[in-house]
Amino acid sequence: MYSPGPINLLGLHSGLKGKGKAHFGFYVGVASAMLILFISLAFLGSKVIDKSVLPYISILGCSYIIYIAWKVFRANINIKNDDTGKSNLRYRDGLIMHLLNPKALIATLPISTIQFPAAGIAGSQIFFWSLILSIVAFGAPASYALAGSVLGKRIENPVYFKTFNYLMSVMLVYVALSIGYEHIYLSWTNV
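This write-up is about the structure you can find in this document. Fair warning: this is a prediction, and the values are worked out from it, not measured in the lab.

## Considerations on the overall build of the chain
Broken down by element type, the chain carries 7 helices and 0 strands. When the helices and strands of the chain are placed in sequence order, the string is α-α-α-α-α-α-α. Taking 16 Å as the expected radius of gyration for a compact globule of 191 residues, we find that the chain reaches 18 Å, a close match to that expectation. For the chain, the proportion of its 191 residues judged to be buried stands at 38%. Taking the contacts inside the chain whose residues are at least 6 apart along the sequence as the reference set, 91% of them involve residues at least 24 apart. Accessible surface, the chain: about 11100 Å² in total, of which carbon and sulfur atoms supply 69%. The averaged location of the 6 negative side-chain charges in the chain is 4 Å from the averaged location of its 15 positive side-chain charges.

## Considering helix α1 (residues 6–16)
Side chains three or four residues apart in an α-helix point the same way, a direct result of the helix having 3.6 residues per turn. Among the residues of α1, I7, N8, G11, L12, S14 and G15 are the ones counted as buried. The buried residues of α1 occupy an angular sector of 160° when the element is viewed end-on, so they sit on one face. Downstream of α1 by a residue or two, G18 has a phi angle that is positive, lying close to 75°.

## Re helix α3 (residues 54–74)
Taking 1.5 Å of rise per residue, 21 residues should cover 30 Å, and α3 covers 30 Å from first to last C-alpha, within 8% of that figure. When we look at burial in α3, the residues that qualify are L54, P55, S58, G61, C62, Y64, I65, I68, A69 and V72. Where α3 is buried, its residues meet α5 (102–118) and α7 (158–189).

## Focus: the packing of aromatic side chains
Enumeration according to the criterion identifies 10 aromatic pairs in this entry. Between the aromatic rings of Y27 and F138, the centroid separation amounts to 6.2 Å while the plane-to-plane angle is 75°, which identifies the pairing as edge-to-face. Separated by 111 residues along the polypeptide, Y27 in helix α2 (residues 24–48) and F138 in helix α6 (residues 124–152) bring together distant segments of the chain. Looking at Y27, the relative accessible area reads 3%, which means it is buried.

## Some remarks on the pattern of salt bridges
Evaluated as defined, the whole model comprises 2 salt bridges. One salt bridge connects D93 with R90, and the closest N-O pair in it is separated by 3.8 Å. The exposure class of D93 is buried, given its relative accessible area of 19%. The partner of R92 in a salt bridge is D93, and the shortest N-O contact between them spans 4.0 Å.

## Overview of a nonpolar patch on the surface
Where nonpolar side chains cluster on the molecular surface, the patch consists of Y2, F128, W129, L131, I132, I135 and V136 and spans about 620 Å² of accessible area. For F128, the position within the fold is in helix α6. Residue F128 is classed as partly exposed on the basis of its relative accessible area, which comes to 47%.

## Section: the environment of A33
For A33, the location among the structural elements is in helix α2. Placed 105 residues apart in sequence, A33 and F138 show a C-alpha to C-alpha distance of 9.9 Å.

## Things to note about the environment of N76
Position of N76 among the secondary structure elements: in the loop between α3 and α4 (91–99). Judged by its relative accessible area of 73%, N76 falls in the exposed class. Separated by 86 residues in the primary sequence, N76 and K162 have C-alpha atoms spaced 7.5 Å apart.

## Section: the nonpolar core
Within the largest apolar cluster, 12 residues are counted, these being L12, C62, Y64, I65, I68, A69, V72, Y144, M168, L172, A176 and I184. Those elements that provide at least two residues to this core are α3 and α7. When residues of this core are assigned to their parent elements, the largest contribution, 6 residues, is made by α3. For Y144, the contacting residues outside a window of four places in its chain are Y2, S3, P4, N8, G11, L12 and M168. By size, the runner-up hydrophobic cluster in this structure holds 11 residues, among which are L37, F38, F116 and I126.

Rules behind the numbers
- Residues numbered from 1 in each chain as written.
- Predicted model: local features only at pLDDT ≥ 70, side-chain atom pairs only at ≥ 80, totals over all residues.
- Heavy atoms only, no water.
- Helix = DSSP H or I, 4+ residues; strand = E, 2+ residues; numbered from the N terminus.
- Rg over C-alpha atoms; globule rule 2.2 N^0.38 Å.
- Buried < 20%, exposed > 50% of the residue type's maximum accessible area, 1.4 Å probe, protein only.
- Contact = heavy atoms within 4.5 Å.
- Areas by Shrake-Rupley, 256 points an atom, 1.4 Å probe, with all protein chains shown as cover.
- Lys, Arg positive; Asp, Glu negative; His and termini not counted.
- Charge placed at Lys NZ, Arg CZ, Asp CG, Glu CD.
- Arc of directions from axis to C-beta.
- Expected span 1.5 Å × (residues − 1).
- Phe/Tyr/Trp six-rings, centres within 6.5 Å; stacked < 30°, edge-to-face > 60°.
- Salt bridge = Lys/Arg side-chain N within 4 Å of Asp/Glu carboxyl O.
- Patch = residues over 30% accessible without salt bridge, like charges linked within 9 Å, V, L, I, M, F, W, Y side chains within 5 Å.
- Core = buried A, V, L, I, M, F, W, Y, C linked by side-chain atoms within 4.5 Å.

So, in structure tokens, the structure goes:
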């Protein structure tokens, strides 16, 4: 949830432009979308998705994460580009954008269909853990906004942002490899 993606980069942009607090509703919308995805996938996912298909879903998820890592690695950030227009991100924007965000589906699907059942999370526990994870999801774009507001005032050299992008892309590749090992390799080798 905290890796770079469209939602978190919007949070970073909000902070860099000094609009982090103004976009609070947007972050709540993101959390609401995650709550909807976690609950619906946890209850419906196990009935709709055959467990033998989960490694293939994991392959798609890993591929998308590596694609995002490549995009972050190659991203060009220009913080001096000052758009003086009034763009306000609201609750509805966060909700709809995150419900349609492939990264949100890729983040929630393995947790709700693989990790919840593996941890014995079922019934009313699904609501509890989905709410906890949604609160954590709220913190992702909000923390990016906070980082943007703090760093944006102090850093003007794009080399620092480029280094940050390189580090984030390496972490994304690590996440993809970790998911690949745990949910693809181990499931196919039955270790």
